[in-house]
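Close look at the chain arrangement
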Amino acid sequence: MDFQLTEEQRAIQEMVREFADKEIAPRAADIDRCDEFPNDVFQKMAAQGLMGLPFPEQYGGGGADTVSQALVVEEISRASGSVGLTYAAHLSLGCAPIYNFGIEEQKKKWLTPLAKGESLGALALTESKGGSDLAGSVATTAVLTGGEWVINGSKMYVTSGAVARSINTLCVTDKSKGHRGLSMILVPRDAPGLVIGKVEEKMGLHGSLTTQVFFEDCRVPKENLLGAEGAGFKQAMMTLDGGRIGIGAMALGLGRAALEASVKYAQERQAFGKPIADFQAIQWMIADASMELEAARLLVAQAAYLKDQKQNFSQQAAMAKLYASEAADRACWKAIQIHGGAGYLRDFPVERFYRDNRLTLIGEGTSEILRMVIARNILKNQ
Ligand SMILES: Cc1cc2nc3c(=O)[nH]c(=O)nc-3n(C[C@H](O)[C@H](O)[C@H](O)COP(=O)(O)OP(=O)(O)OC[C@H]3O[C@@H](n4cnc5c(N)ncnc54)[C@H](O)[C@@H]3O)c2cc1C
C-alpha cells in the first residue's frame, strides 16, 4: 500500500515490517503447529505502541489514522495470520465500539487498558442460529433488573473471547422492536454468570482463540450499555464496516506472503534444466497474483482513506474486503500450484497461508453478504 503514503505512514509501515520479520515470522509455523496463543507477541506489540494504534493518546492509543492501521494489519498478517486476525479483531471489534459509542467514563475505564495492550478486547455478535442474518438470529436477552442487566443466552465464534478483558455483546433488550430492540452491552470478563466455552478447533488461524461464550443469569452494571438502548444493530453494522478494512488488509498480508514465497521458490526450483520461473505458465500465475493484490491494495487504501476523511465508506469497505479476500485466496491457490508437491507439505508455509486466508472470505460478512451490501448501495444511490 505505497500509494501516496505520508512520511508518518511510511515510517510506521517500515517499523512494523522490521518488527514482524524479527519477532513474529520466525514463530508463525510453530504457532500454527502447536495451536499456540502467542501472548508474549502481543506484549511486544504493546511495547511498540501498536495495540491502541488508531485511538487518541488520552486513552493510551497511538493517534494514528486508519490507513496506518491497515498497513500495520497487513504487515503483521504477512508474518502470521493468527496474530493478524487477533490484532485486527482487537482493534476493530474489541476497542472501536467502546471508542465510537462509549461515554467518556467508559472510554477511560474500558478502552484505555485495551489500547495500552494490557489485555485484548472482543465482540460477540454471532449465535448458533446464524451470523449473516444478525437481526433475525440474535436470541441472547438482557433484562434490566435492579440496576443491572441480567443476560441469558450464548454466542459463538468469539475471537479472543477466552482471553478478552471485555466482550461487547449484542443482546435483545426489547423483543417487540425487532432489530431496533437490540443493544450493545459491555460484559467484563469477571462478570458473574459469564462462562467461557470451548476453544474451537479450526482449519487455520490456530493461534487465534475462537470461543463459545455462555451467559447464565450474567449480571452487568446498568452503565455498561454502550450508546443508546436499541442502537445495537446499527452499531454492529458500523463496527463491521470498519472491521472489513482490517480483514481486507489481513488478506492482503497473507496474499503477499504467498506471492513472495512463490517468486522465491520459482527462481530456485529447477525443471527441464531451468528454473520454473522461466516457464510462461508460472510467470502468468505470478503476474496475475501480483496484479490482483495491487488492485486489492488500492481498494483497501481507498476505504481507509474515506474513513479517515469521515466520508461514507461502507460500500468501499465491503468492496475492499471482498476483493482482497478473494484475490488473496487465488494468490494462495497459485502459490501451492507453483510449489507443486512441496506446496502440499507442511514443510513449506504456503499451505498455511491458504488455510489462514480462507477465513477472510467468511468472517465479518461472507462474500455473498458483501455482494448484497455493495449491490444495495449501488441500487439505492441511482
Ligand atoms: C475464525 C472465525 C472468527 C470469527 N470471529 C467472530 C467474532 O469475533 N465475533 C462474532 O460475532 N462472530 C465471529 N465470527 C462469525 C462470523 O462472522 C460468521 O461465521 C459469519 O458472519 C457467517 O455466519 P454463519 O457462520 O452463521 O453463516 P450463515 O449465516 O449460516 O451462512 C451460511 C452460508 O449461507 C450464505 N447466506 C446467508 N444468507 C444469505 C443470503 N441472504 N444470500 C446469499 N447467501 C446467504 C452465507 O454467505 C454462507 O455461504 C467468526 C467466525 C470464524 C470462522
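Structural data are supplied above this passage.
The rules behind the values
Residues numbered from 1 in each chain as written. Predicted model: local features only at pLDDT ≥ 70, side-chain atom pairs only at ≥ 80, totals over all residues. Helix = DSSP H or I, 4+ residues; strand = E, 2+ residues; numbered from the N terminus. Rg over C-alpha atoms; globule rule 2.2 N^0.38 Å. Buried ≥ 20, exposed ≤ 12 C-beta atoms within 10 Å, placed from the backbone. Contact = placed C-beta atoms within 7 Å. Near = placed C-beta within 6 Å. Nonpolar A, V, L, I, M, F, W, Y, C, P; charged D, E, K, R; others polar. Domains from an automatic or database assignment. Pairing = 2+ DSSP bridges. Core = buried A, V, L, I, M, F, W, Y, C linked by C-beta atoms within 7 Å. Axes fitted to C-alpha atoms, helices over the stretch in contact; angles between N-to-C directions. Parallel < 35°, antiparallel > 145°, perpendicular 65-115°, else oblique. Left-handed = near helix turned anticlockwise from the far one by under 90°.

Examining the overall build of the protein
Of regular secondary structure, the protein possesses 11 helices and 10 strands. Taken against the 2.2 N^0.38 rule, which gives 21 Å for 382 residues, the C-alpha radius of gyration of the protein at 21 Å falls within 12% of a compact globule. With the C-alpha coordinates aligned to their principal axes, the bounding extent of the protein is approximately 80 × 50 × 40 Å. Here the protein, with 382 residues, has 52% of them falling under the buried criterion. Counted over contacts in the protein with a minimum sequence separation of 6, partners at least 24 positions apart contribute 73%.

Overview of the site of the ligand
Close to the ligand lie 22 residues; Leu125, Gly131, Ser132, Thr366 and Glu368 are nearest. Here the element with the most residues in the shell around the ligand is strand S3 (residues 148-159); it accounts for 3 residues. Looking at the shell around the ligand, its residues break down into 11 nonpolar, 8 polar and 3 charged. Residue contributions to the shell around the ligand reach at least three from each of two domains, namely domain 2 (122-230) and domain 3 (234-380).

Quick word on the environment of glutamate 229
By secondary structure assignment, the location of glutamate 229 is in the loop between strand S8 (225-226) and helix H7 (232-268). Given 17 C-beta atoms within 10 Å, glutamate 229 falls into the partly exposed group. The spacing of glutamate 229 and isoleucine 185 is 44 residues in sequence and 9.3 Å in space, taken between C-alpha atoms. Residue contacts for glutamate 229: discarding those within four places in its chain leaves Thr173 and Ser183.

Describing the pairing of strand S2 (residues 141-145)
One ladder, built from 5 bridges, connects S2 with S3; its direction is antiparallel. When the sheet's bridge partners are listed, alanine 142 is paired in S3 with isoleucine 151. Taken together, S2 and the strand that follows it, S3, pair antiparallel across an intervening segment of 2 residues, in which glycine 146 is found at a positive phi of about 55°.

Structural notes on unusual backbone geometry
The phi angle at aspartate 35 is positive, at roughly 50°, despite the residue not being glycine. The residue aspartate 217 is not glycine, and still its phi comes out positive at about 50°. Within the fold, aspartate 217 resides in strand S7 (residues 210-221). We classify aspartate 217 as exposed; it has 11 C-beta atoms within 10 Å.

A word on the nonpolar core
Counting 116 residues, the largest nonpolar core has Ile185, Ala258, Val300, Ala324, Cys332 and Ala335 as the members making the most contacts within it. Take this core: its biggest share by element is 16 residues, from H7. Once residues lying within four places of it in the same chain are set aside, the contact partners of cysteine 332 are Leu254, Gly255, Ala258, Val350, Phe353, Tyr354 and Asn357.

Examining the packing of helix H9 (residues 314-339) against helix H10 (residues 350-358)
Across the interface, H9 lies against H10 with an axial gap of 9 Å and an inter-helix angle of 160°. Regarding the angle of H9 to H10, the classification is roughly antiparallel. Pair H9 / H10 crosses with left-handed handedness. Contact residues: Ala328, Asp329, Cys332, Trp333, Ala335, Ile336 and His339 in H9; Val350, Glu351, Phe353, Tyr354 and Asn357 in H10. A breakdown of the residues in the contact of H9 with H10 according to their chemical character gives 8 nonpolar, 2 polar and 2 charged.

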